Amino acid sequence: MQTILRITSIRYRWLLGLLTLRVLIDGFNVLISMLIQLGLTVALSGQVNLLVAIFAGMLAAAVVYTGIYFLAGVVTERLKRRVSGDIATALMANFLQDDATQVPDNGTATNLIVTDTQHIMQFLDAGVLPLVDFGITVFLGVIYVVTQSWQLALMFVAFGGLFAGVSRGLFRQQSQAQTTFIQIDDKHKAFFNDFLANVAVVRNLNVFAYSRQRHADYFQQAAPSMKQMATASGALAGIFNGGVYLAEVLTLMVGFAMLTVTGSSVAGLLGAWNAGVGSILWPFLGLAPTIGFLAQQRTSIDRVLPRLTQQVMPVFSPMKGDYQPDTIKIRGTKVSFHYPQTNREILQHLDFQIHNQGITFLIGANGAGKTTLLKLILNELQPTTGKIEIQGVPTKIKSASLFAFVPQRSVMFTASVTANLLLASQADPTKLPALLQQLQLDRYAADLDQTLQPNQLSPGEQRRLGIIRGIAADRPFIVLDEPFSDIDAVNQQTVMQLLRQEAKKRGVVIITHTFDFVTAADQVLKVGDHHDN
């Protein structure tokens, strides 16, 4: 819990207030048990007026109980939403700050943001608070039963200890099974993301059998873990439900058998037994699902905590700060790189300079290392040897914040044209209509508030919208990965014309495999020949 509190905005005083409410709620059962015992004694003595007063007290307690329960529910829900938002935000910040080789796949990311965050979000109402309720209720119940019959209290505590020992062992089994299951589920969800991205291909080639078989394979891999979790859950439910009812009968039988020894009254025995059943035994009936959830939560916390961060993403104001934009340049010295899983050098001893004006083409065959060099420049990867420096900027400025990156596939959201192109940045929206018109996207320029439907955009429209998004960011550099793919010849010319205009204000870096648009004024950095031309 301390770690959850550390990375969220929840305050200890909020939890203290919530726990106070839960103590009042949990004390209700004991209060009612005491009033029942008192009512039985009064009824047997024929004191009608006092009996009416006791009933009135029970009704008043029920009304107060309802109000307190409502307030506790409201507070719990608000805390849950805050925990969920804080953890999801911290995870997304971690994804953005991770080294490119450490970014999780789609399935893992989905489970971290959705499933694991959901489990941690419910740490209050499905984990901590049920255990608090359990502890308080049992503690108060034991105290009350001891005041009536210490022998009966001892029996209740013995049964409780037995149930606790069994539950601990089954919790460990569930936790181990949950860890294995969620790792398989990460891969399963990644497959579903791939399937959804290729629905058109699957439908066209009529290869649904392949997708169905992959789906069945993941279920088969998860079957042993699912079986282990189901067995543990069934054992918990069976032992607790059957065991509690057995304990009720045994404690009542022993209580009556000991009446002559203890000298207790029947009313006193029934009151103590009722309190023991309601406050000591019955809480174990709700412990089985709590233990199952805690096993899930433990797995989720172990997965999420290594990724949580309190670092604040740097805020970059384009073309502002204590530096001169026209002095910025990128310098690479003897840059070599290979990925950890292989010894093959993607780049070897590469020297280069990229200025913040003009156009630089990164040209090379497929697999030559163009995209790898781009990630090195963007600081997503680190050189194996050599170094890449951003000269002319203070060290406090992150290098990635100087670049607007346009990937090969720019993903659009179901949102307005303005929202898609600015992404909530402080960039000037008045420039958008002219940019859209220049790239032959007049229907979007006419109404910037219209909602884009990503699945209705052609690949060429997505690419041109992505280019406008990069230009609108107004960074010292714009880096484009294969910007001419999926675009016809006419639109390729309009894109290139726009980029040459931008090159007068910022550095333009274009990754491509052809020399079609290179002029004598451009810098060409050939990747794959291990030297700079």
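Refer to the structure printed above.
Residues numbered from 1 in each chain as written. Predicted model: local features only at pLDDT ≥ 70, side-chain atom pairs only at ≥ 80, totals over all residues. Heavy atoms only, no water.

Caption draft 1: Main features of the overall build of the chain. In terms of helices and strands, the chain carries 17 helices and eight strands. Evaluated residue by residue, the chain yields a buried proportion of 44% over its 533 residues. Expressed as a percentage of contacts within the chain between residues at least 6 apart in sequence, the contacts between residues at least 24 apart total 77%. For the chain, the accessible area works out to roughly 27300 Å², and carbon and sulfur atoms hold 59% of it. (Helix = DSSP H or I, 4+ residues; strand = E, 2+ residues; numbered from the N terminus. Buried < 20%, exposed > 50% of the residue type's maximum accessible area, 1.4 Å probe, protein only. Contact = heavy atoms within 4.5 Å. Areas by Shrake-Rupley, 256 points an atom, 1.4 Å probe, with all protein chains shown as cover.)

Caption draft 2: Looking closely at the pairing of strand E3 (residues 358–363). With five of its six residues buried, E3 lies for the most part within the structure. Pairing between E3 and strand E7 (residues 507–512): six bridges, direction parallel. Considered in E7, the bridge of Phe361 is made with Ile510. When E3 meets strand E8 (residues 523–526), the two strands line up parallel, connected through four bridges. For Thr360, the partnering residue across the bridge sits in E8 and is Gln523. (Pairing = 2+ DSSP bridges.)

Caption draft 3: Highlighting the sheet that holds strand E1 (residues 329–337). One open sheet holds the three strands; their spatial order is E2-E1-E4, and the pairing between them is antiparallel. Edge positions in the sheet fall to strand E2 (347–355) and strand E4 (385–391), since each has one partner strand and no second. For this sheet, the mean inter-axis angle between neighbouring strands, taken without regard to orientation, is 10 degrees. Two strands pair when backbone bridges link them, and E1 and E4 are joined in this way by six bridges, in the antiparallel orientation. In the sheet register, Ile330 faces E4, and the bridge partner there is Ile390. Packed onto the sheet, helix H12 (residues 370–377) meets E1, E2 and E4 and runs at close to 60 degrees relative to E2. (Axes fitted to C-alpha atoms, helices over the stretch in contact; angles between N-to-C directions.)

Caption draft 4: Main features of the sheet that holds E7. If you walk across this open sheet you meet the five strands as E5-E6-E7-E3-E8, and the pairing is parallel. The sheet terminates laterally at strand E5 (403–406) and E8, the two strands that pair on one side only. Neighbour-to-neighbour, the strand axes of the sheet open up by a mean angle of 15 degrees, direction not taken into account. Across four bridges, E5 lies against strand E6 (residues 477–481) in parallel orientation. Within E6, the position partnered with Ala404 by the bridge is Ile478. Packed on one face of the sheet, helix H16 (residues 459–472) meets E5 and E6 and runs near 160 degrees to E6.

Caption draft 5: Representation of the pattern of salt bridges within the structure. Tallied over the full model, the rule gives 13 salt bridges. For Lys334, the salt bridge is made with Asp351, and the minimal N-O distance between the two is 3.5 Å. Of this pair, Lys334 sits in strand E1 while Asp351 sits in strand E2, and the two are 17 residues apart along the sequence. One network of salt bridges, with partners in common, ties together Asp474, Glu502, Lys505 and Arg506. (Salt bridge = Lys/Arg side-chain N within 4 Å of Asp/Glu carboxyl O.)

Caption draft 6: Structural detail: the environment of Ser336. On the secondary structure map, Ser336 appears in strand E1. A relative accessible area of 5% means that Ser336 is categorised as buried. Separated by 15 residues in sequence, Ser336 and Asp351 have C-alpha atoms that sit 9.7 Å apart. Contact partners of Ser336, with chain neighbours within four places excluded, come to Glu345, Leu347, Gln348, His349, Pro383, Thr384 and Thr385. For Ser336, the side chain forms a polar contact with the main-chain nitrogen of His349, separated by 2.8 Å. (Polar contact = N/O pair within 3.5 Å; in protein donor to acceptor, adjacent residues only side chain to side chain.)

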